[in-house]
Amino acid sequence: MHVLVTGGCGFIGSNFVRYVFDHWPAWRVTVFDSLTYAGNLGNLTGLLDSERVRFVHGDIADPRQVRETLEGTDAVANFAAESHVDRSILDSGPFIRTNVVGTQVLLNAARELGVERFLQVSTDEVYGSLGPDGTFREDTPLAPNSPYSASKAAADLLVRAAVRTYGLRGMVVRSSNAYGPYQFPEKLIPLMILQAAEGKRLPVYGDGLHVRDWVHVEDLVAAIGLVLQRGQPGDIFNVGGASEMPNLDVVRMIIEMTGASESQIELVEDRPGHDRRYAMDFSRLEAALGWRPTRSFREGLRDTIAWYEAHQDWLHAVRTGKYRDFYRQQYGNRLALP
Ligand code: NAD
Ligand code: TYD
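Everything in this summary refers to the structure shown in the same document. (Residues numbered from 1 in each chain as written. Chains lettered and ligands numbered in written order. Predicted model: local features only at pLDDT ≥ 70, side-chain atom pairs only at ≥ 80, totals over all residues. Heavy atoms only, no water.)

**Quick look at the overall build of the protein chain**
Thought 1: A count of helices and strands for the protein chain gives 12 helices and 12 strands.
Thought 2: Relative to the globule expectation of 20 Å for 338 residues, the C-alpha radius of gyration of the protein chain, 19 Å, shows essentially globular dimensions.
Thought 3: Overall, the C-alpha framework of the protein chain stretches about 55 × 50 × 35 Å when taken along its three principal axes.
Thought 4: The buried share of the protein chain, reckoned over its 338 residues, is 56%.
Thought 5: Long-range pairs, those at least 24 residues apart, make up 82% of the contacts in the protein chain between residues at least 6 apart in sequence. (Helix = DSSP H or I, 4+ residues; strand = E, 2+ residues; numbered from the N terminus. Rg over C-alpha atoms; globule rule 2.2 N^0.38 Å. Buried < 20%, exposed > 50% of the residue type's maximum accessible area, 1.4 Å probe, protein only. Contact = heavy atoms within 4.5 Å.)

What follows is the structure, encoded as structure tokens:
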């Protein structure tokens, strides 16, 4: 079997490639990634040496590149996306292009080439925001509030349409906030780990009482693997970590584990349209395929902090932009680097 992993140089995609490599010895992987600021070939260290993993530089919104690369693959796992809410507020353009148009281009090619399985990686953010009680279920109406989540909701609906109209064997996995190794330090947890370790300020939006549910990326990629192999066309599955927490509690835990100081916390201006609370009911996935998160947040966070401490080279390359020098060498002017 041969799976195309789009966005495989990003945070969750690269963890998924590692998962497939370690757990499915009969599978080959083609990583298809346009290497935006969030894409880093260094996330696949050790894997690209294998004949089972190959990298293709390409854009999911380019029908020709997609078609050429998809030829001969059995399955698609679509991780490629613009993924950061704050960036979508500043400029929604790349989000519409990659998350909406790119997903449709992939769906078209998958249908035309008769790809057996298509898994779309989505987010709890498509459901909007919860009050103090309740959880999102798969039949909760979609009510996205940011340009990012609206683009992801659009993609989910395009997958639905491809399943209903053309009989594509497509599935959607909607995950809560993921954390763990190789996450780009623009997202809350890696950003706070780095800032805390360096004695810098810890910018918390608004009153810091916005609640997120955190799932360790290893649990998430195991869920994605299960659904890719055993999900049925049209299936939608929520994935969560059973670890709901206000942002301030997350930041305080990082302070405690890194030996930083509470005085580093700075409440800053709130994000516009900031969703108050996310919480996932993942009982459907548990009942259908027996998946549950295995990592407690405290233990997972401790491991994540240790991972960032042990990977100073990776961090240095990411923070100085050195990881991008490689692309310039390799691709010259063919890569439009912002
Ligand atoms: P990321 O930003 O770390 O990685 C995205 C990857 O996609 C990068 O390697 C980037 O180069 C690539 N990419 C972007 N545009 C592309 C294009 N046009 N063509 C090809 N490749 C392109 O993102 P992530 O956090 O790993 O998220 C992966 C997926 O999971 C996304 O679809 C995201 O919406 C979804 N998701 C993320 C989270 C989370 O907490 N991070 C939670 C739920 C769902
Ligand atoms: P983030 O990691 O951007 O994920 P998402 O917005 O997709 O949930 O943010 C997680 C939460 O942390 C969210 O409520 C916004 C908040 N946040 C801060 O308070 N400060 C920060 O610097 C960042 C990046 C996020």
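**A closer look at the packing of aromatic side chains**
Working definition: an aromatic ring pair is given by the centre-to-centre distance plus the angle between the planes.
Thought 1: Counting across every chain of the model gives 17 aromatic pairs.
Thought 2: Ring centres of W24 and W27 lie 4.8 Å apart, and the angle between their planes is 50°; on these two criteria the pair is classed as tilted. Considered together, W24 and W27 belong to a single accessibility category, that of buried residues.
Thought 3: Ring centres 6.3 Å apart and planes at 45° place the aromatic pair F136 and Y278 in the tilted group. Note that F136 is positioned in the loop between β5 (117–123) and α5 (147–166) and Y278 in the loop between β12 (265–268) and α9 (283–289), a separation of 142 residues in sequence. Comparing F136 with Y278 shows no difference in burial state: the two are buried.
Thought 4: Between the NZ or CZ atom of R111 and the centre of the ring of Y166, over which it lies, the distance is 3.6 Å. (Phe/Tyr/Trp six-rings, centres within 6.5 Å; stacked < 30°, edge-to-face > 60°. Lys NZ or Arg CZ within 6 Å of the ring centre and 35° of its normal.)

**Concerning the sheet that holds strand β9 (residues 211–216)**
Thought 1: Here we have three strands laid out as an open sheet, ordered β7-β9-β11, and mixed in their pairing. The sheet is open, and its two edges are formed by β7 (177–179) and β11 (244–246), each paired on a single side. Recorded for the sheet is a direction-independent mean angle of 45° between the axes of neighbouring strands.
Thought 2: Inspection of the sheet shows β7 paired to β9 by three bridges, in the parallel sense. (Pairing = 2+ DSSP bridges. Axes fitted to C-alpha atoms, helices over the stretch in contact; angles between N-to-C directions.)

Any functional reading would require information beyond the geometric quantities listed.
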